[in-house]
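# Structural overview
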Amino acid sequence: PHSLKFGSWELRALPFVALPAAAASTTLVRRGLISYFSVVGELAGDEADLPNPLLYLAIGMVVLIGLLGTAIGVVFQLHGMFVDDLVLSVHLPGGEGTIFVDRISDELRAMPVGAGASAVFGGWTTTPGWCIGPALSSIVELEYQGLPERGHEHGSWQAVWPEGPWEPSRSAKRQSSTDSLEGPAMRLSMSNSGSRLASSGSRLQEGMNRTSSVGSMAGDEGGGKFRDGLGPVAGNHKITAQIRFPYKCSNQLVIAGVSCMPWIDVAFPGTSLRLLWASDPEGEFKFSVHVGQLSGPLTSGRLGACFEWGDRCPYRWPLDILAKVLLGLYIGAWPHLADDNSMWGFALHVLAVLCPLVFAILVLKYRPHSTLLDNLSLAAACAAVSLTTASAQYYYKGGNLAATIGLTVTLMVLAAVPLIVLATASALVACSALRFSRQDMQEALVTTIPKWGRDKDSNRERKATNVKVLPIKDGKVATALPLELPASTSSIPMHVEIKLPAAPAGVKATLVQGEKTIMPIPADLLLLPPDHRTYEMKTQRPVGAVMTQQGGVLLYPAPEHNGGQHWREAVRAFLGPKRPEVLKEAIAAIQEQGKRFGDLTFTTVDIKG
C-alpha cells in the first residue's frame with residue numbers, strides 16, 4: 001500500500017517534534033558559536049565553554065536546515081502537483097466537504113466509514129476528517145477525464161472538480177496483456193481454494209475482453225439506459241474498478257464495492273476480495289466504487305500528510321512546520337535575546353508576537369480545515385502561542401498584578417479551546433469505533449453505503465438477502481464459491497429447501513422462514529458491465545433459481561434469457577431426468593410462491609443432499 005512508503009508516517013510525526021527539535025538545535029548553534037569565538041562565561045546557567053563547539057554547531061545546523069528544507073521542498077512539490085493537475089479536489093459522496101485524489105489512481109480504499117451526524121455537534125462529525133477507509137487492493141490505473149467545476153481554474157488547490165468521468169489510463173491498457181500472463185501463478189499461491197477455482201474464469205474472461213474498452217462511467221453499450229433503471233446506491237458508485245492484487249483484510253464489516261442491477265444491489269466485503277479474485281485467473285474482476293475510494297502514490301504516499309481528509313488546504317502541513325521551526329529559533333535564542341534592548345532585539349520580539357497572530361487571521365480567512373470548529377480551534381491555538389510569546393517578555397520585564405492575572409486567564413482560555421476539541425473528538429472517535437464494531441452486517445451496510453436498501457422512486461425499503469456467486473466453467477455454471485455476499489433486492493425473496501434422501505412421505509419442498517434467503521447469481525452477470533449479451537439479463541427480474549451442490553441456474557420469465565426455452569425447461573435441463581420427483585417439486589415450489597406474491601417473487605429452490 002502507498003501508505004507504507006517511507007516518509008508517509010514520518011512526515012505525519014514530524015509536527016510533534018519540529019518545535020522542540022528546532023529549539024534544541026538553536027540552543028546547540030548558539031552555544032557552539034559562543035564557545036567557538038571564545039566568549040567564556042555563563043549564559044542562562046549554561047557553560048559557554050564546550051569541548052567540541054564545531055560538533056555542536058554542525059549538529060544544530062544540520063537539523064535546522066533539514067527541517068526548513070523539508071518544509072520548503074514540500075511547498076514546491078505541492079505547487080508542481082496542482083499546476084500540472086496531478087492532484088484533484090472532489091466532493092466526498094454521501095458526506096460534506098472535499099477530499100484530494102490522484103488524477104491517476106491505482107489503489108482502492110474501503111468505503112469510508114464516518115462517525116455519523118450528531119445532535120450536539122451537527123455536521124462536524126459528518127465531514128471527511130471523521131472517515132476511515134483502509135487500503136484494500138491495487139487496481140488497474142484509472143485516469144480522471146473531466147474538467148473543473150464552473151468558476152474554478154486549473155492549477156489551484158482551491159479548484160473543485162466533478163466526481164468523474166474516470167477511464168482506464170493509457171499505460172494500464174498497454175500493460176493489461178502483460179499483467180494477465182503473471183496473474184494465474186500468483187493467484188494459485190494466495191488461496192487454498194485457488195487450485196479448485198482457477199479454471200472457472202473462461203467465460204468471464206471472454207465477456208471482459210468484449211468490454212475491455214468500455215468506459216467506466218456508464219459509457220458502455222446501453223450503459224445510459226441501464227443506469228437510468230438502477231437504484232440510488234448506483235448513483236453514488238459510478239466508477240468501475242478492476243482488481244489487480246487484493247491486500248489482506250480481516251474486518252468483515254469493511255465494504256470494498258458494489259454491483260448494481262435494477263432489481264438487486266450486491267455489496268462486496270473486503271474479506272471477499274481475495275477469494276473472488278482467486279476464482280478469476282485472468283484478473284478481470286470488476287465492481288462499482290465511488291471517487292472517495294480511489295487513491296494513488298501522491299495523495300496516499302510520502303506526502304499523504306498534506307492530503308489528510310480533514311484538510312482543505314494541502315499547504316497547511318509545510319506552513320505548520322515552518323511556523324514551528326521559526327518559533328523554535330526564537331525559543332532557542334531567547335536566553336540571548338532576553339536582555340537585548342537594541343532595536344534588532346525589540347524587532348524580533350515583536351515579530352515573534354505578531355507572526356502567530358497573523359497565522360490565526362489567515363486560518364479564519366482561508367479555512368485550511370473542513371469545518372468551522374476545527375478552524376476556530378487552530379486559530380485559538382495560534383493566538384495562544386502569540387499571547388504566550390508576549391507573556392514571556394512581559395513577565396520577564398515585570399508588570400502589575402491585575403494585568404498579569406488578565407493575561408494569564410486569557411491565555412488559559414485560548415489554550416483550552418484546542419484541548420477541549422481534541423478531547424471531545426477523541427471520545428467521539430472511540431465511541432464511533434466501538435459502536436461500529438458491534439454492528440451486524442446489515443447495520444454496517446446502512447452506515448457505510450448511502451441509501452442502502454432503498455428503492456429509486458420511493459422510500460420503500462428493499463429486502464435484505466444474500467448472494468452466492470456461481471463461477472462459469474466451460475460455458476456452464478460451476479460450484480458456488482464458499483462465501484455469501486450481502487445484498488438488497490426489490491424482489492420478494494423466498495427460500496425453499498428440498499432435502500435428499502427423501503422422507504418416507506416422498507420429496508417435499510419446505511419453505512425456510514426466519515432466515516435470509518440465498519440468491520445464486522452467475523459471476524459474469526454479477527461482475528461484468530452490461531454489454532450486448534448481458535444487458536437484458538441484468539435488467540430483467542428473474543423468477544427464481546435452482547441451486548444444488550454442483551451449481552445453480554438463474555431462471556427468467558422470457559425464454560430468450562433461458563437459452564431459448566421456458567424456465568420450466570431450463571430447470572429440467574439443469575436437474576436432468578434421473579429424479580423426476582425432485583424436478584416436479586422444484587417447479588411446483590416456484591409456481592406456488594409466484595402465485596402467492598406475484599411477479600416480484602424470487603424463489604430459490606435449494607436442493608440439499
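Residues numbered from 1 in each chain as written. Predicted model: local features only at pLDDT ≥ 70, side-chain atom pairs only at ≥ 80, totals over all residues. Heavy atoms only, no water.

## A word on the overall build of the protein
Our working definition: Helix and strand definitions here come from DSSP, where helices need a minimum of 4 consecutive H or I residues and strands a minimum of 2 consecutive E residues; each element is numbered from the N-terminal end. Note on exposure labels: buried denotes an accessible area under 20% of the residue type's maximum, exposed denotes more than 50%, and partly exposed covers the range between, all computed with a 1.4 Å probe on protein chains only. Here, residues are in contact when the closest pair of their heavy atoms is within 4.5 Å. Exposure was quantified through the Shrake-Rupley algorithm and a 1.4 Å probe, taking into account, for residues, occlusion by the shown protein chains and nothing else.
When its secondary structure is counted, the protein shows 17 helices and 23 strands. A total of 609 residues make up the protein; the buried ones form 48% of that total. Here the contacts in the protein between residues at least 6 apart in sequence split such that 71% fall between residues at least 24 apart. Carbon and sulfur atoms provide 61% of the accessible area of the protein, an area that totals close to 28,800 Å².

## Comments concerning the pattern of salt bridges
Short version of the rule: Criterion for a salt bridge: a side-chain nitrogen of Lys or Arg within 4 Å of a carboxyl oxygen of Asp or Glu.
Enumeration according to the criterion identifies 6 salt bridges in this entry. A salt bridge links Arg462 to Asp265; the nearest nitrogen and oxygen atoms lie 3.3 Å apart. Of the two residues, Arg462 sits in the loop between helix 13 (441-448) and strand 14 (463-470) while Asp265 sits in strand 11 (residues 264-269), which places them 197 residues apart along the sequence. Judged by relative accessible area, Arg462 falls into the buried class, the value being 9%. Among the salt bridges present, the one from Glu569 reaches Arg572, with a minimum N-O distance of 2.8 Å. Within this pair, Glu569 and its partner Arg572 are both found in helix 16 (residues 567-575), separated by 3 residues, close to a single helical turn. With a relative accessible area of 37%, Glu569 lands in the partly exposed category.

## Considerations on the nonpolar core
What counts is decided by this rule: What makes a nonpolar core is a set of buried Ala, Val, Leu, Ile, Met, Phe, Trp, Tyr and Cys residues whose side-chain atoms join them at distances within 4.5 Å.
Formed by 52 residues in total, the largest nonpolar core has its most connected members in Ile264, Phe287, Val467 and Leu526. If near-sequence neighbours (up to four positions away) are discounted, Val467 is found in contact with Ile264, Val266, Leu483, Glu484, Leu485, Ala487, Met519, Ile521 and Leu526. Counting residues in hydrophobic clusters, the runner-up holds 25 residues, among them Val29, Leu67, Ala305 and Cys306.

## Observations regarding the sheet that holds strand 4 (residues 98-102)
Cut-off, in case you're wondering: Between any two strands, at least two bridges found by DSSP are needed for them to pair.
Here we have 3 strands laid out as an open sheet, ordered 4-3-7, and mixed in their pairing. Edge positions in the sheet fall to strand 4 and strand 7 (160-161), since each has one partner strand and no second. Where strand 3 (residues 87-91) meets strand 7, 2 bridges bridge the pair, whose relative direction is parallel. Bridge assignment links Val90 to a residue of strand 7, and that residue is Trp161.

## Focus: the packing of helix 16 against helix 17 (residues 580-597)
We apply this condition: Between N-to-C directions, angles cover 0 to 180 degrees, with each direction set by a line fitted to C-alpha atoms, over the stretch in contact for helices. Should the near helix be turned anticlockwise from the far one by less than a right angle, the crossing is left-handed, and should it be turned clockwise, the crossing is right-handed. Note on residue classes: Ala, Val, Leu, Ile, Met, Phe, Trp, Tyr, Cys and Pro are nonpolar, Asp, Glu, Lys and Arg are charged, and everything else, Gly too, is polar.
Their axes nearest at 10 Å, the elements helix 16 and helix 17 cross at an angle of 145°. The chirality of how helix 16 crosses helix 17 is right-handed. In this structure, helix 16 uses Trp567, Arg568, Val571, Arg572 and Leu575 to contact helix 17, whose residues at the interface are Val582, Leu583, Ala586, Ile587, Ile590 and Gln591. Across the contact of helix 16 with helix 17, the residue classes tally to 8 nonpolar, 1 polar and 2 charged.

## Overview of the pairing of strand 3
A large share of strand 3 lies buried, amounting to 4 of its 5 residues. The pairing of strand 3 with strand 4 spans 5 bridges and is antiparallel. Across the sheet, the residue bridging to Leu88 is Val101, located in strand 4.

## Observations regarding the pairing of strand 5 (residues 104-109)
Most of strand 5 is tucked away: 5 of the 6 residues are buried. For strand 5 and strand 6 (residues 135-144), the ladder comprises 5 bridges, and the chain directions are antiparallel. Considered in strand 6, the bridge of Glu107 is made with Ser138. Pairing of strand 5 with strand 13 (residues 294-295), which is carried by 2 bridges, proceeds in the antiparallel orientation. Of the residues in strand 13, the one forming a bridge with Glu107 is Ser295.

## A closer look at the packing of aromatic side chains
Short version of the rule: Aromatic pairing here means that ring centres of Phe, Tyr or Trp (its six-membered ring) are within 6.5 Å. Orientation follows from the plane angle: under 30 degrees is stacked, over 60 is edge-to-face, and everything else is tilted.
Enumeration over the complete set of coordinates arrives at 8 aromatic pairs. Judged by centre distance (5.2 Å) and plane angle (80°), the ring pair of Tyr144 and Trp166 falls under edge-to-face. Taken as a pair, Tyr144 in strand 6 and Trp166 in strand 8 (residues 166-168) lie far apart in primary sequence, 22 residues in all. Assessed through its relative accessible area of 0%, Trp166 is described here as buried. When the ring of Phe268 is compared with that of Phe287, the centres are 5.3 Å apart and the planes differ by 25°; the resulting orientation is stacked.

## Considering helix 13
We count it as follows: Summarising the geometry, the arc corresponds to the directions from the helix axis toward the C-beta atoms.
Among all positions in helix 13, only Ala444, Leu445 and Thr448 are buried. Down the axis of helix 13, the smallest arc covering the buried residues is 100°, so these residues share one side.

## Quick look at the confidence of the model for the protein
Our working rule: Every residue gets a pLDDT, meaning the predictor's confidence in that residue, from 0 to 100.
Chain-level pLDDT for the protein is 79 on average; 79% of the residues reach the 70-or-more range. Contacts from residues 39-47, a stretch scored under 50 in pLDDT, to residues over four places away or in other chains number 14 contacts. Of the regions scoring below 50 in pLDDT, residues 180-222 engages in 87 contacts with residues more than four places distant in sequence or in other chains.

## Section: the side chain of Asp85
In plain terms, the rule: In this tally, Lys and Arg are treated as positive and Asp and Glu as negative; His is ignored, and so are the chain termini.
In this structure, Asp85 sits in the loop between helix 2 (53-83) and strand 3. There is no salt bridge for the buried Asp85, and the closest opposite charge comes from Arg103, which lies 4.4 Å off by N-O distance. Those residues in contact with Asp85 that sit more than four places away from it in its chain are Arg103, His154, Gly155 and Trp161.

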